[in-house]
Amino acid sequence: MPFQGSGDVAPAVPANVYVSTFVDRLLGVDDSTYEFTAVVWFYLSWIDPRVKGQLADNAAKLTAANGNSTCALPCQSNQKAIAGGCCDGVWMPYIAFSNLKWLPQDRVVRYGFGANPDSNAVFQWRSVHATYYTPMDLRAFPFDRQQLLIQMEVPQARSGWSGGLVNLIPSTTGNKMFTAKTRGDDVSGWGVVDVRLQPFEYPLCAATMAGVLGPSAAGDPAPVMPEYMWESQQARREPQQCAAVLEANPDRGRLSPFWRHPLQDAKNVPSKPVPVSGLNCVIVVERFTTRWVLSAIFPIMATTWLGFLVFFLPRDDMNGRLGEITVVALVVLGTAA
């Protein structure tokens, strides 16, 4: 995952992390496999008054005389811990990319972390080159717009308090960043129209409730779909109501794998069904229609017009019929080629 997270204790409960996304370059859209490839620049920022002290301590250890300290997590992708800082022990959020298909093995990895010396603000950025699978709607083809999805999720401490709770808050978006823009298009056949960040939240149990086909086995020690949940008509109609079913009987709900059990030192973390929150980064792209009009729509219209035309020509004018048919056929073949 691009954002693996680090550190054990978040600066606040919950920690508000502001997210900005810029589509540096759209590399490809495949409407036959419903996937796309892009280089997206993600920028996160939050408040943590501990960071400046942690960075200073790490720098002192690395530069100490006769010291043998090493840095496991450089703050910059150039791996220069002394010049760019060492982020060992610094808290960073974990973010799951739910619809990530794969990361190219030979991709260029670029990232950075920094702290504002005049405030408690910290920031983390990463350029992510990846392929994602996404829903598409081709009913308006070839005059269609597609909403390409990058789904960022934060499971909120399913069992214990691993790093604290995180709220992802949308900040800003953009359709270009570092890559120079020339007169040509970014990718053949498509253009980026808009980039949006849409927050969402749902109970984790709703993920299974929405697509489950039957209850778990009677002897399952930790069933994902217990019999009482399967029999709940309320949850069957509205999957997000599964949290209410669990909370209706806490003694029974606490046995569910979807119930959060905070550790004793986890302050302000309630014991309740696990919520999942996050952001949908939606990249709106528009298909360039000229190619499809000339190669698909125009030949169909031309051959249809030819079918009517031959009936209006005089029946005895065979040369005229053949001439019209030949001209239209050549135009269609030339356009299709």
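See the structure shown above.
To start, this report covers the structure provided alongside it. Keep in mind it's a predicted model, so treat the numbers as computed, not measured.

Parameters and conventions
- Residues numbered from 1 in each chain as written.
- Predicted model: local features only at pLDDT ≥ 70, side-chain atom pairs only at ≥ 80, totals over all residues.
- Heavy atoms only, no water.
- Pairing = 2+ DSSP bridges.
- Helix = DSSP H or I, 4+ residues; strand = E, 2+ residues; numbered from the N terminus.
- Contact = heavy atoms within 4.5 Å.
- 1 Å grid on protein atoms, 1.4 Å probe; cavity = no way out; pocket = protein on both sides within 12 Å on 5 of 7 lines; lining within 4 Å.
- Points joined across faces, edges and corners; volume = space filled by probe spheres on them.
- Nonpolar A, V, L, I, M, F, W, Y, C, P; charged D, E, K, R; others polar.
- Disulfide = S-S within 2.5 Å.
- Buried < 20%, exposed > 50% of the residue type's maximum accessible area, 1.4 Å probe, protein only.

The sheet built from four strands is open, its strands ordered β3-β7-β10-β9 with antiparallel pairing. Each edge of the sheet is formed by a strand with only one pairing partner; in this case those strands are β3 (96-97) and β9 (190-203). With eleven bridges connecting them, strand β7 (residues 145-155) and strand β10 (residues 275-287) associate as antiparallel partners. Along β10, the bridge assignment pairs Met152 with Leu279.

Another aspect to go through is the environment of Met136. Here Met136 shows up in the loop between β6 (121-133) and β7. Considering only alpha carbons, one finds Met136 and Asp31, 105 residues apart in sequence, at a separation of 7.4 Å. In this structure Met136 touches Val29, Asp30, Asp31, Tyr34, Glu35, Gln146 and Leu148, once residues within four positions along its chain are discounted.

By the definition in use, this model includes one cavity of 30 Å³ or more. If you trace the largest cavity, you find 14 residues lining it, with Cys205, Val224, Pro226, Met229 and Phe258 closest to the centre. Mapped onto the lining of the largest cavity, the elements with two or more residues apiece are α3 (205-209), α4 (227-230) and α6 (242-248). Among the elements that make up the lining of the largest cavity, the one with the highest residue count is α3 (three residues). Partitioned by chemical class, the residues of the lining of the largest cavity number twelve nonpolar, two polar and no charged.

Right, let's get into the state of the cysteines. Inspection of every chain in the model, using the stated rule, returns three disulfides. The disulfide bridge from Cys71 ends at Cys86, spanning 2.2 Å between sulfur atoms. Between Cys71 and Cys86, the disulfide has an S-S torsion of 100 degrees and is therefore right-handed. You can see Cys71 sitting in the loop between α1 (51-63) and α2 (81-84) and its partner Cys86 sitting in the loop between α2 and β3, a full 15 residues away along the chain. Cys86 sits in the buried class, given a relative accessible area of 4%.

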